[in-house]
Amino acid sequence: GNSLGGLYARYALALLFNPEDGLVCGVEAGTLVTTASPHLGVRSFTYLPVPQPLHVLGGVLVGRTGDDLFLRTPEPDHHSLLARMGLDALFLAPLAAFNRRRAYANLSGDFLVPFGTAAFAVREGEATWGLLEQRAAASFLAA
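My aim in this report is to walk through the structure given alongside it, one point at a time. Fair warning: this is a prediction, and the values are worked out from it, not measured in the lab.

**Some words on the packing of aromatic side chains**
Argument step 1. All told, the structure shown has one aromatic pair when counted by the stated rule.
Argument step 2. The interplanar angle of 35° and the centroid separation of 5.8 Å between the aromatic rings of Tyr-11 and Phe-91 together place this pair among those described as tilted. Placement of the pair is Tyr-11 in helix H1 (residues 4-16) and Phe-91 in helix H5 (residues 89-96), with a sequence separation of 80 residues.

**Quick word on H1**
Argument step 1. In this model H1 runs 18 Å from its N-terminal to its C-terminal C-alpha over 13 residues, within 8% of the 18 Å that 1.5 Å per residue would give.
Argument step 2. Here the buried face of H1 lies against strand E1 (17-18), strand E2 (23-24), strand E3 (31-35), helix H3 (64-69), helix H4 (81-87) and H5.

**With respect to a nonpolar patch on the surface**
Argument step 1. A cluster of nonpolar side chains, Leu-54, Val-56, Leu-57, Val-60, Leu-61 and Val-62, forms an exposed patch at the surface whose accessible area comes to about 570 Å².
Argument step 2. With respect to the helices and strands, the residue Leu-61 is situated in helix H2 (residues 56-62).

**Overview of the nonpolar core**
Argument step 1. Membership of the largest hydrophobic core is limited to 10 residues, which are Leu-7, Ala-14, Val-42, Leu-69, Phe-70, Leu-71, Leu-81, Leu-82, Met-85 and Phe-91.
Argument step 2. For this core, the secondary-structure elements that each account for two or more residues are H1 and H4.
Argument step 3. The element that contributes the greatest number of residues to this core is H4, accounting for three residues.
Argument step 4. Within the second largest apolar cluster, seven residues are counted, among which are Leu-13, Ala-29, Leu-32 and Leu-95.

**Things to note about the packing of H1 against H5**
Think of two packed helices as two axes; the pair is described by the angle between the axes and how far apart they sit.
Argument step 1. Taken N-terminus to C-terminus, the directions of H1 and H5 make an angle of 95°; their axes are 8 Å apart at the nearest point. Accordingly, the angle class assigned to the pair H1 and H5 is roughly perpendicular. Where H1 approaches H5, its residues Arg-10, Tyr-11, Leu-13 and Ala-14 are matched on the opposing element by Leu-90, Phe-91, Pro-94 and Leu-95.
Argument step 2. For the contact of H1 with H5, a count of residues per class yields seven nonpolar, no polar and one charged.

Reading the values: the criteria
- All residue numbers refer to position in the chain's written sequence, counted from 1.
- For a predicted model such as this one, the threshold for reporting local features is a pLDDT of at least 70, and the threshold for listing and counting side-chain atom pairs is 80 or more; totals across whole chains, interfaces and linings nevertheless cover every residue.
- The basis for the side-chain values is all heavy atoms of the structure; hydrogens and waters are excluded.
- Two rings from Phe, Tyr or Trp (for Trp, the six-membered ring) form a pair when their centres are within 6.5 Å of each other. A pair whose planes differ by under 30 degrees is stacked, one over 60 is edge-to-face, and the rest are tilted.
- Only DSSP runs of H or I covering at least 4 residues are called helices, and only runs of E covering at least 2 are called strands; the numbering of each starts at the N terminus.
- One less than the number of residues in a helix, times 1.5 Å, gives the span that helix is expected to have.
- In this analysis, two residues are considered to be in contact whenever any of their non-hydrogen atoms come within 4.5 Å of each other.
- Without a salt bridge and with relative accessible area above 30%, a residue can belong to a patch; like charges are then joined within 9 Å and nonpolar side chains (Val, Leu, Ile, Met, Phe, Trp, Tyr) within 5 Å.
- In these tables, accessible area is a Shrake-Rupley quantity obtained with a 1.4 Å probe, and a residue counts as shielded only by the protein chains included in the view.
- Within this document, salt bridges are pairs made up of a side-chain nitrogen of Lys or Arg and a carboxyl oxygen of Asp or Glu, the two lying within 4 Å of each other.
- Among buried residues, those of type Ala, Val, Leu, Ile, Met, Phe, Trp, Tyr and Cys that are joined through side-chain atoms within 4.5 Å constitute a nonpolar core.
- Burial classes: relative accessible area under 20% of the type maximum marks a residue as buried, over 50% as exposed, and values in between as partly exposed (1.4 Å probe, protein chains only).
- To get an axis, a line is fitted to the C-alpha atoms, and for a helix only the part in contact is used. The angle between two axes follows their N-to-C directions and goes from 0 to 180 degrees.
- The cut-offs work like this: below 35 degrees is roughly parallel, past 145 is roughly antiparallel, 65 to 115 is roughly perpendicular, and the gaps in between are oblique.
- Any residue outside Ala, Val, Leu, Ile, Met, Phe, Trp, Tyr, Cys, Pro, Asp, Glu, Lys and Arg is labelled polar, Gly included; the first ten of those are nonpolar and the last four are charged.

So this is what it looks like as structure tokens:
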């Protein structure tokens, strides 16, 4: 899937995956490819820094999708959808069923989906906001 389509594909896989036989709609999963998909949201990856109090504008401007991309949730004790997609077995098990998984990202010039969120890329030891280090999950999930 391309851009938001990559997230839609991952969400749909959770609905279509059968954990008992490891198949997606009765078919063996071969290759999953996403291009320029904001897997880690955009909260830490905006082209220009967006102060935390303005993250609410994502939801105002584009509805629930904006809230999801800024990792916001209306329920204070719940995780955002993208956080759940990165931590919950419901979303991870279908990914593991694929023989090959590829996430392609634009190295530069993509102000909508910057490289870091599309390629899960951060410098070692700097993942204080994301899923690349399990101990960082708590700060990723924080509002």
